[in-house]
Amino acid sequence: MRRSWLQARQRVDDLDATLQVETADLRARVRNAWRQELPQAQRAADIVREGTGRLGQRRRQVRDAHADLTAFAERWHPVLADLTTDPAELAVQLPRLHARRVEDQIEAFVAQQIAAAHPDAEQIRHAEREAMAASENADRARTQLDNHMYAELRPYGRAAHVSNPRERLTNLTAELADVERDLRAATSRVRAVSNEPSIRTLPSGGLDSEHDRWVADRRARQQADAHDGRERLRLQQEKARRIEPTPPNRSTPGRGGGIGR
């Protein structure tokens, strides 16, 4: 699931990179074309507003300016929807165009053109959102399963976490066989000892008393050994402190040993 989401995420990243490049390129081309054509259209608008003159001597210039303004309006009307197509009205409208208004309409036009060039963009983004949701659901399900398995296996301790159960079973079977062999040998020795005359002549409960005494002696020896070990460690530490070299004296700042002191 995570791999599918990462692949979908990569497709979205690739799409965003493409859209960014194409948007910047189209925006630059539209802006440059507007800046190049606007001055000529403004000159044509000036001629139309000035008219043909008292004697009509500029009739031809006005006619040509009308044609220029008509062509200008036809080219830019898809970009500037509120641009009038009437030459006389356009001659009045051009000087009043607000730069911010023009820029906003160019941005809207560029966005519309880029979106039309990539009709599958929303589908790609939707697929990424679905893949991400599926990945998150899978992560939550895996976490719940891990918690459930941990709760189920926790009572069994390390036995529940075996990487190679077949090998572990073989080893445990071999260990069990050794324990059973040792147990049989110990049982035989106990029986042999129990049948010895010195043991059979003991009074009733005598064997239990001997066992208890043996256990007490063994515990006493263990405690004595532990005490002796702690005592040896203490003596070794004291000896180490006695032979440890004395650290050098550190001179007090401003009063250190110098020549003649």
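That block above? That's the structure.
Everything quoted here is computed from the prediction, not taken from an experiment.

### Quick look at the layout of surface pockets
(1) Moving on: What the largest pocket holds in volume is close to 160 Å³.
(2) Moving on: Forming the boundary of the largest pocket are 13 residues, of which Trp34, Leu38, Ala99, Val102 and Glu103 lie nearest the centre.
(3) Moving on: Looking at the lining of the largest pocket, the elements that each hand over two or more residues are helix 1 (2-50) and helix 4 (99-117).
(4) Moving on: Among the elements that take part in the lining of the largest pocket, helix 1 stands out by supplying five residues, more than any other.
(5) Moving on: Here the lining of the largest pocket is built from residues that sort into eight nonpolar, two polar and three charged.

### Things to note about the pattern of salt bridges
(1) Moving on: Enumeration according to the criterion identifies 15 salt bridges in this entry.
(2) Moving on: Here Arg31 and Glu103 are joined by a salt bridge, their closest N and O atoms 2.3 Å apart. Of this pair, Arg31 sits in helix 1 while Glu103 is found in helix 4, placing the two residues 72 residues apart along the sequence.
(3) Moving on: We note a salt bridge from Asp82 to Arg101, for which the minimum N-O separation is 3.3 Å. Taken together, the positions of Asp82 in the loop between helix 2 (59-76) and helix 3 (87-93) and Arg101 in helix 4 put the pair 19 residues apart, joining distant regions of the chain.
(4) Moving on: Sharing partners across several salt bridges, the network here consists of Arg27, Arg31, Glu103 and Glu107.

### What about the nonpolar core?
(1) Moving on: Leu69, Phe72 and Leu94 are the most contacted members of the largest nonpolar core, which has 27 residues in total.
(2) Moving on: Contributions of two or more residues to this core are made by helix 1, helix 2, helix 3 and helix 4.
(3) Moving on: With 10 residues, helix 1 is the largest single contributor of residues to this core.
(4) Moving on: If near-sequence neighbours (up to four positions away) are discounted, Leu94 is found in contact with Leu38, Ala41, Gln42, Ala45, Leu69 and Phe72.

### Examining the packing of aromatic side chains
Here the distance between the centres and the angle between the planes together describe a pair of aromatic rings.
(1) Moving on: Summed over the entire model, instances satisfying the criterion amount to three aromatic pairs.
(2) Moving on: A ring pair is formed by Trp34 and Trp76, whose centres lie 5.0 Å apart and whose planes are at 80°; its orientation type is edge-to-face. Pair noted here: Trp34 is in helix 1 and Trp76 is in helix 2, with a separation of 42 residues, a long-range link.
(3) Moving on: Given the relative accessible area of 9%, Trp34 is considered buried.
(4) Moving on: For the pair Phe72 and Trp76, a centre-to-centre distance of 6.4 Å together with 40° between the ring planes defines the contact as tilted. One end of the pair is Phe72 and the other is Trp76, both in helix 2 and four residues apart, which spans about a single turn.

### Some words on helix 4
Because an α-helix completes one turn every 3.6 residues, residues spaced three or four positions apart along the sequence face the same direction.
(1) Moving on: Taking 1.5 Å of rise per residue, 19 residues should cover 27 Å, and helix 4 covers 27 Å from first to last C-alpha, within 8% of that figure.
(2) Moving on: Here helix 4 has its buried residues at Val102, Glu103, Gln105, Ile106, Phe109, Val110 and Ile114.
(3) Moving on: Contact partners of the buried residues in helix 4: helix 1.

### Concerning the packing of helix 1 against helix 4
Working note: a packed helix pair is described by the angle between its axes plus the distance between those axes.
(1) Moving on: Closest axis-to-axis distance for the helix 1/helix 4 pair is 10 Å, and the angle between their directions is 135°. When the axes of helix 1 and helix 4 are compared, the pair comes out oblique. For helix 1 against helix 4, the interelement crossing comes out right-handed. Contacts from Leu19, Glu22, Thr23, Leu26, Arg27, Val30, Arg31 and Trp34 in helix 1 reach Val102, Glu103, Ile106, Glu107, Phe109, Val110, Gln113 and Ile114 in helix 4.

### Some details on the side chain of Ser135
(1) Moving on: Inspection of the secondary structure assignment puts Ser135 in helix 5 (residues 121-153).
(2) Moving on: Among residues more than four places away in sequence, those in contact with Ser135 are Met1, Arg2 and Trp5.

### Some words on helix 5
(1) Moving on: The end-to-end C-alpha distance of helix 5 is 48 Å, a good match for the 48 Å that 33 residues give at a rise of 1.5 Å each.
(2) Moving on: Where helix 5 is concerned, the buried positions are Ala121, Glu128, Ala131 and Ser135.
(3) Moving on: On its buried face, helix 5 is in contact with helix 1.

### Here we look at the side chain of Glu128
(1) Moving on: Mapping Glu128 onto the fold places it in helix 5.
(2) Moving on: Not counting the four nearest positions on each side in its chain, Glu128 is found in contact with Trp5, Ala8, Arg9 and Val12.

### Here's the deal with the environment of Thr52
(1) Moving on: With respect to the element layout, Thr52 can be found in the loop between helix 1 and helix 2.
(2) Moving on: Put simply, Thr52 and Arg63 are 11 residues apart on the chain and 9.0 Å apart in space, counted from C-alpha to C-alpha.
(3) Moving on: Excluding residues that lie within four positions of it along the chain, Thr52 makes contacts with Gln57, Arg58, Arg59 and Val62.

Conventions we followed
Residues numbered from 1 in each chain as written. Predicted model: local features only at pLDDT ≥ 70, side-chain atom pairs only at ≥ 80, totals over all residues. Heavy atoms only, no water. 1 Å grid on protein atoms, 1.4 Å probe; cavity = no way out; pocket = protein on both sides within 12 Å on 5 of 7 lines; lining within 4 Å. Points joined across faces, edges and corners; volume = space filled by probe spheres on them. Helix = DSSP H or I, 4+ residues; strand = E, 2+ residues; numbered from the N terminus. Nonpolar A, V, L, I, M, F, W, Y, C, P; charged D, E, K, R; others polar. Salt bridge = Lys/Arg side-chain N within 4 Å of Asp/Glu carboxyl O. Core = buried A, V, L, I, M, F, W, Y, C linked by side-chain atoms within 4.5 Å. Buried < 20%, exposed > 50% of the residue type's maximum accessible area, 1.4 Å probe, protein only. Contact = heavy atoms within 4.5 Å. Phe/Tyr/Trp six-rings, centres within 6.5 Å; stacked < 30°, edge-to-face > 60°. Expected span 1.5 Å × (residues − 1). Axes fitted to C-alpha atoms, helices over the stretch in contact; angles between N-to-C directions. Parallel < 35°, antiparallel > 145°, perpendicular 65-115°, else oblique. Left-handed = near helix turned anticlockwise from the far one by under 90°.

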